[in-house]
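Notes for the structure review
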Amino acid sequence: MSEEWRDVIGNILREARFLREQCLNRNDELFAPWHDKIRNAVIQYAPVKLPAFEEIRFASDYFLSKSAQEQDEIDDRIALVSDLDAAVQILKDILNALESKARKKPKAPGKRPEATPPRAYAEAGLPETPAGPVSLAQARDRAAELSLSRRDREELLGEIDRVERELGKADPDWDAVKRTVKYLLDLDRELALDTIPAILSLFPRKK
């Protein structure tokens, strides 16, 4: 089976970064073609994600309540960027799933497993080894990609900083570490699955 999805998704993600910087609202001429590309990619590679993608508004209620002429004059970047980030997260989830599936495919006898191109992850803003735990530094980068309010993002970063300080002690407080683990579990499943193994690996074992 062709693995062209790496290039397809990588191109869409690169364009998303450009739109995030340039578009003022959903009426920008660059937006509609990109929206069609991402929708087609979701349908082709992970149709189960289509309902989640269709729920993304790509504009605020305020923007949609205005006439077409007024919409063209509105800078709705806050809502648009938030929705772009939500769509990008769906694409990254699909990319992770496809990469995981590719790694698990049976290989021909005597053939070495094909290495995953690092470029695909770099372009998607993902670590080169997504199957393993991320470092706490990488967890901070992931936090920037989540669709969170400013307050929730600051709280998340604060938790990461706090547990990192705790783990730097000679005898970390287990209850304090558990607090961060529970916080991550309640906040976001994917981030928790990636980050908690790294936290636990840093906790010193008593000899």
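Just above, that's the structure.
Residues numbered from 1 in each chain as written. Predicted model: local features only at pLDDT ≥ 70, side-chain atom pairs only at ≥ 80, totals over all residues. Heavy atoms only, no water.

1. As for the packing of aromatic side chains
This is how it is decided: Each Phe, Tyr or Trp ring, with Trp reduced to its six-membered ring, pairs with another whose centre is within 6.5 Å; inter-plane angles below 30 degrees give stacked pairs, above 60 give edge-to-face pairs, and intermediate values give tilted ones. In this description a helix means any DSSP run of H or I spanning at least four residues, a strand means any run of E spanning at least two, and both kinds are numbered starting from the N terminus. Only protein chains enter the area calculation, which uses a 1.4 Å probe; residues under 20% of their type maximum are buried, those over 50% are exposed, and those in between are partly exposed.
Using the criterion set out here, one finds 2 aromatic pairs in the structure. Plain terms: the ring middles of F31 and W34 are 6.2 Å apart, the flat faces sit at 45 degrees to each other, and that makes the pair tilted. Here the residue F31 and the residue W34 both occupy positions in helix α2 (residues 31–45), the gap between them amounting to 3 residues, near one helical turn. Both residues of the pair, F31 and W34, count as buried. With centroids separated by 5.0 Å and ring planes inclined at 80 degrees, the aromatic side chains of W174 and F203 adopt a geometry described as edge-to-face. Remark: F203 occurs in the segment after α11 (189–202) and W174 occurs in helix α10 (residues 174–187); sequence separation between them is 29 residues.

2. Quick look at α10
For clarity, the threshold we go by: Multiplying 1.5 Å by the helix residue count minus one yields the expected span of that helix. Arc definition: it is the arc formed by the directions from the helix axis to the C-beta atoms. Polar contact is defined as a pair of N or O atoms within 3.5 Å, subject to the rule that within protein one atom must be able to donate a hydrogen and the other to accept it, and that residues adjacent in sequence are counted only when both atoms are side-chain atoms.
Counted at 1.5 Å a residue, the expected span for α10 with its 14 residues is 20 Å, and the 20 Å between its end C-alpha atoms agrees. All of the buried residues in α10 are A176, V177, T180, V181, Y183 and L184. Looking down the long axis of α10, one finds its buried residues gathered within 160 degrees of arc, a one-sided arrangement. Exposed positions of α10 whose direction lies more than 90 degrees from the buried face are K182, L185 and D186. For α10, the N-terminal capping position is held by D173, with its side-chain oxygen 3.1 Å away from the main-chain nitrogen of D175.

3. Quick word on the nonpolar core
This is how the line gets drawn: The nonpolar core is taken to be a set of buried Ala, Val, Leu, Ile, Met, Phe, Trp, Tyr and Cys residues, with the residues joined through side-chain atoms within 4.5 Å. Here a residue-residue contact requires only that any non-hydrogen atoms of the pair lie within 4.5 Å.
With 28 residues, the main nonpolar core has I9, W34, I38, F53, F58 and I94 as its most contacted residues. The set of elements that each furnish at least two residues to this core consists of α1 (5–22), α2, α3 (50–54) and α6 (77–104). The leading source of residues in this core is α6, at 10 residues. Sequence-distant contacts of F53, that is, excluding residues within four places in its chain, are made with H35, I38, R39, F58, A87 and I90. With 17 residues, the next largest nonpolar core counts L156, I160, L167 and I199 among its residues.

4. A word on the pattern of salt bridges
A side chain with one charge can pair with a side chain of the opposite charge if their charged atoms come near. What counts here: Any Lys or Arg side-chain nitrogen located within 4 Å of an Asp or Glu carboxyl oxygen qualifies as a salt bridge.
Evaluated as defined, the whole model comprises 10 salt bridges. Across the salt bridge formed by D93 and K49, the nearest N and O atoms sit 3.8 Å from each other. Of the two residues, D93 is situated in helix α6 and K49 in the loop between α2 and α3; the sequence distance between them amounts to 44 residues. Beyond isolated ion pairs, a larger network of salt bridges with shared partners links E159, R162 and R179.

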